[in-house]
Amino acid sequence: MSTAIASRTMMMLEAVHDALDVALSLDPEVFELGEDIQDPKGGGFGVHKGLEAKYGSERVRCTPISEQAIMGAAIGAAMAGMRPVAEIMLMNFISVAADQLFNHAAKLRYMSGGATPIPLTVRTTTGAGAGFGAQHSEMLEATLIHTPGLKVAIPSTAADAKGLLLSAIFDDDPVVIVEMSSLYFGVRDEVPEGDYRVPLGKARIAREGTDLTLITYGRQVLDCVAEADKLAAEGYSIEVIDLRSLQPLDTDTVFASVSKTRRAVVVHEAVTRGGFGAELSSQIHSELFGELAAPVARVGGANTPVPYASSLEQNFLPTSRITPAIRALLG
C-alpha cells in the first residue's frame, strides 16, 4: 500500500534512512538499536545520520559490540510489544547471534500458540565486490530461509529498500532485511515519499521476455537485466524476475513466467552448493516438470570463501557465468 502522493530520486542508502524516519514518526513503539548508530556517525554506512537528533537517544540506541546483546534486547522488547529495528552491521555476524534469532525469535510465536508475536526487524548488510574480505561479505540467506518462523527480503532498488523495510517493521513476525552494500550508493531511482510499503511475498517482473526466465534478487537483478539487454541484440527475449522476498515466496509469479518461457536460470551471489537456487529449482521441477524444455540451471558464487584480492573476488561473483548458462539452455 502507499499513501504517498509524490516521489523523489534517492540512493538506496537514502531510501533506507527515509524508511526508518517514517517508521519512527508513525509509531512511538518503533526504536532502533545497533553499533555506533547514534550521531554523528550514524552507523557503519551512515544510514541513521540525524535520526538520534530528531527522535532522541532512547529511540536510536547505541549498543555494545555484541550481536548477542543486540538480538537478545530486541527480542525482549518485541515480546513486550515494541517494534525494534536491530542493525547487525554485517551479515556474517548474524551467526554470532544465531541462538537468539533461530531458537527464540523464529519460534516464540509458534511455541506460545500465537500468544507472543515477535514484531522484530533485523537489518543487515553484506555482498562481495568491495574488498571487505571473507568474514564480511557472505550471503547467508539459505540459512535464514531454512528456519521456519523467519521472513526474509532482499531489495534491488531504492524504492523496494524503503517499501520492504516499512512492511517489515509493521509486520508482527520477525523479518530479516538483507541490504547489499554494493547497492547503497550504486542504485538510484524514484522513491515514493511518506508511508510507502511493498508487500512481503510479492515479486516483480524487472524485464519481460518470452524465451527464458532469469530468477534472482538483490544485486544480481541489475546483472541479469544487463545480460538480458545484451542478448536482446542477438534476438533473445529474456524475462527477469526480481523475487524481492524469499520468505514468503511468490511462486505464482515464478511458475507463470517459467510456464511461459519453459526455461529458467536461478541466479544468486551465495555459493551455488546448498544455495537458495537449489530449493527454488526443486519447486519449479516439481510444479512444471512436464512443461520444461530443459532442466532448471543454477548460477551462483564460486564454492570458496569470498576472496579479498580484487581479481579473485570478481571471479567469485556469478556475473560472468550468467550468459553462458543462458546460451546452454537456449542451445
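Everything numeric here is computed off the predicted structure, so don't read it as measured data.

**Here we look at the overall build of the chain**
The helix and strand tally for the chain stands at 13 helices and 14 strands. For the chain, the residues scored as buried account for 56% of the 331 residues in total. A separation threshold of at least 6 residues defines the contact pool for the chain, and within that pool the share at least 24 residues apart is 81%. As displayed, the chain offers around 13200 Å² of accessible surface, 53% of which is attributable to carbon and sulfur atoms. Looking at charge distribution, the chain has the averaged site of its 27 positive side-chain charges lying 3 Å from that of its 40 negative ones.

**Structural notes on the sheet that holds strand β9 (residues 204-207)**
The 5 strands are arranged β9-β11-β10-β13-β14 in an open sheet whose pairing can be described as mixed. Of all the strands in the sheet, just β9 and β14 (297-301) have a single pairing partner and so form its edges. The sheet shows a mean angle of 25° between the axes of neighbouring strands, taken without regard to direction. As paired strands, strand β10 (residues 212-216) and strand β11 (residues 238-242) are joined by 5 bridges and run parallel to one another. By the bridge assignment, Thr216 is partnered in β11 with Asp242.

**Describing helix α10 (residues 251-261)**
When we look at burial in α10, the residues that qualify are Thr253, Val254, Phe255, Ser257, Val258 and Thr261. Contacts made by the buried residues of α10 are with β9, β10, β11, β13 (264-271) and α11 (276-288).

**Some details on the UniProt feature "domain: Transketolase-like pyrimidine-binding" (unreviewed entry) in the chain**
Under the feature "domain: Transketolase-like pyrimidine-binding" (unreviewed entry), the UniProt entry names residues 10-186. End-to-end, the C-alpha atoms of residues 10-186 are 11 Å apart, and along that stretch the chain is 37% helix and 18% strand.

**A short note on the layout of surface pockets**
Over the atoms rolls a probe the size of a water molecule, and its path tells where empty space is left. For the largest pocket, the calculated volume is near 210 Å³. Lining the largest pocket we find 17 residues, and of these Glu138, Met139, Leu140, Ala270 and Val271 sit closest to its centre. Residues of the lining of the largest pocket, tallied by class, amount to 8 nonpolar, 5 polar and 4 charged. Looking at which domains feed residues into the lining of the largest pocket, each of domain 1 (7-192) and domain 2 (204-330) gives three or more.

**Let's talk about α11**
Taking 1.5 Å of rise per residue, the 13 residues of α11 would be expected to cover 18 Å, and the 18 Å separating its terminal C-alpha atoms lies within 8% of that figure. Those residues of α11 that fall on the buried side of the exposure criterion are Phe276, Gly277, Leu280, Ser281, Ile284 and Leu288. For α11, the angular spread of the buried residues around the axis is 130°, confining them to a single face.

**What to know about empty space enclosed by the protein**
Applying the stated criterion to the full structure yields 1 cavity of 30 Å³ or more. Within this model, the largest cavity holds a volume of roughly 60 Å³. Residue lining of the largest cavity: Gly42, Gly43, Gly44, Phe45, Val47, His48, Glu87, Met89, Arg123, Thr125 and Tyr184, and that is the complete set. When its residues are assigned to classes, the lining of the largest cavity shows 4 nonpolar, 5 polar and 2 charged.

**Description of the packing of aromatic side chains**
Summed over all chains, the structure comprises 2 aromatic pairs. Taken together, a centroid distance of 6.0 Å and an interplanar angle of 75° make the contact between Tyr217 and Phe276 edge-to-face. Within this pair, whereas Tyr217 is found in the loop between β10 and α9 (219-232), its partner Phe276 is found in helix α11, the two being separated by 59 residues in sequence. Just as Tyr217 is buried, Phe276 falls in that class too.

**Some remarks on the sheet that holds strand β12 (residues 245-247)**
If you walk across this open sheet you meet the 7 strands as β3-β2-β4-β5-β7-β6-β12, and the pairing is mixed. One side of each edge strand has no neighbouring strand; the edge strands of this open sheet are β3 (60-62) and β12. Strand-to-strand twist across the sheet, computed as the mean angle between neighbouring axes with direction ignored, equals 20°. As judged from the 6 bridges shared by strand β5 (residues 121-126) and strand β7 (residues 175-180), these two strands associate in the parallel manner.

**Digging into the nonpolar core**
Leu101, Leu120, Ile215, Leu243, Leu280 and Ile284 are the most contacted members of the largest nonpolar core, which totals 84 residues. Element by element, the count of residues in this core is highest for helix α1 (residues 12-26), at 9 residues. The residues contacting Leu101, other than those within four sequence positions of it, are Met71, Ile75, Ile94, Ala106, Val122, Leu144, Leu150 and Val176. Grouped together as the second largest cluster of nonpolar side chains are 16 residues, Val265, Val267, Ala325 and Ile326 included.

About the thresholds
Residues numbered from 1 in each chain as written. Predicted model: local features only at pLDDT ≥ 70, side-chain atom pairs only at ≥ 80, totals over all residues. Heavy atoms only, no water. Helix = DSSP H or I, 4+ residues; strand = E, 2+ residues; numbered from the N terminus. Buried < 20%, exposed > 50% of the residue type's maximum accessible area, 1.4 Å probe, protein only. Contact = heavy atoms within 4.5 Å. Areas by Shrake-Rupley, 256 points an atom, 1.4 Å probe, with all protein chains shown as cover. Lys, Arg positive; Asp, Glu negative; His and termini not counted. Charge placed at Lys NZ, Arg CZ, Asp CG, Glu CD. Pairing = 2+ DSSP bridges. Axes fitted to C-alpha atoms, helices over the stretch in contact; angles between N-to-C directions. UniProt positions renumbered as here; feature names shortened; annotations may be inferred. 1 Å grid on protein atoms, 1.4 Å probe; cavity = no way out; pocket = protein on both sides within 12 Å on 5 of 7 lines; lining within 4 Å. Points joined across faces, edges and corners; volume = space filled by probe spheres on them. Nonpolar A, V, L, I, M, F, W, Y, C, P; charged D, E, K, R; others polar. Domains from an automatic or database assignment. Expected span 1.5 Å × (residues − 1). Arc of directions from axis to C-beta. Phe/Tyr/Trp six-rings, centres within 6.5 Å; stacked < 30°, edge-to-face > 60°. Core = buried A, V, L, I, M, F, W, Y, C linked by side-chain atoms within 4.5 Å.

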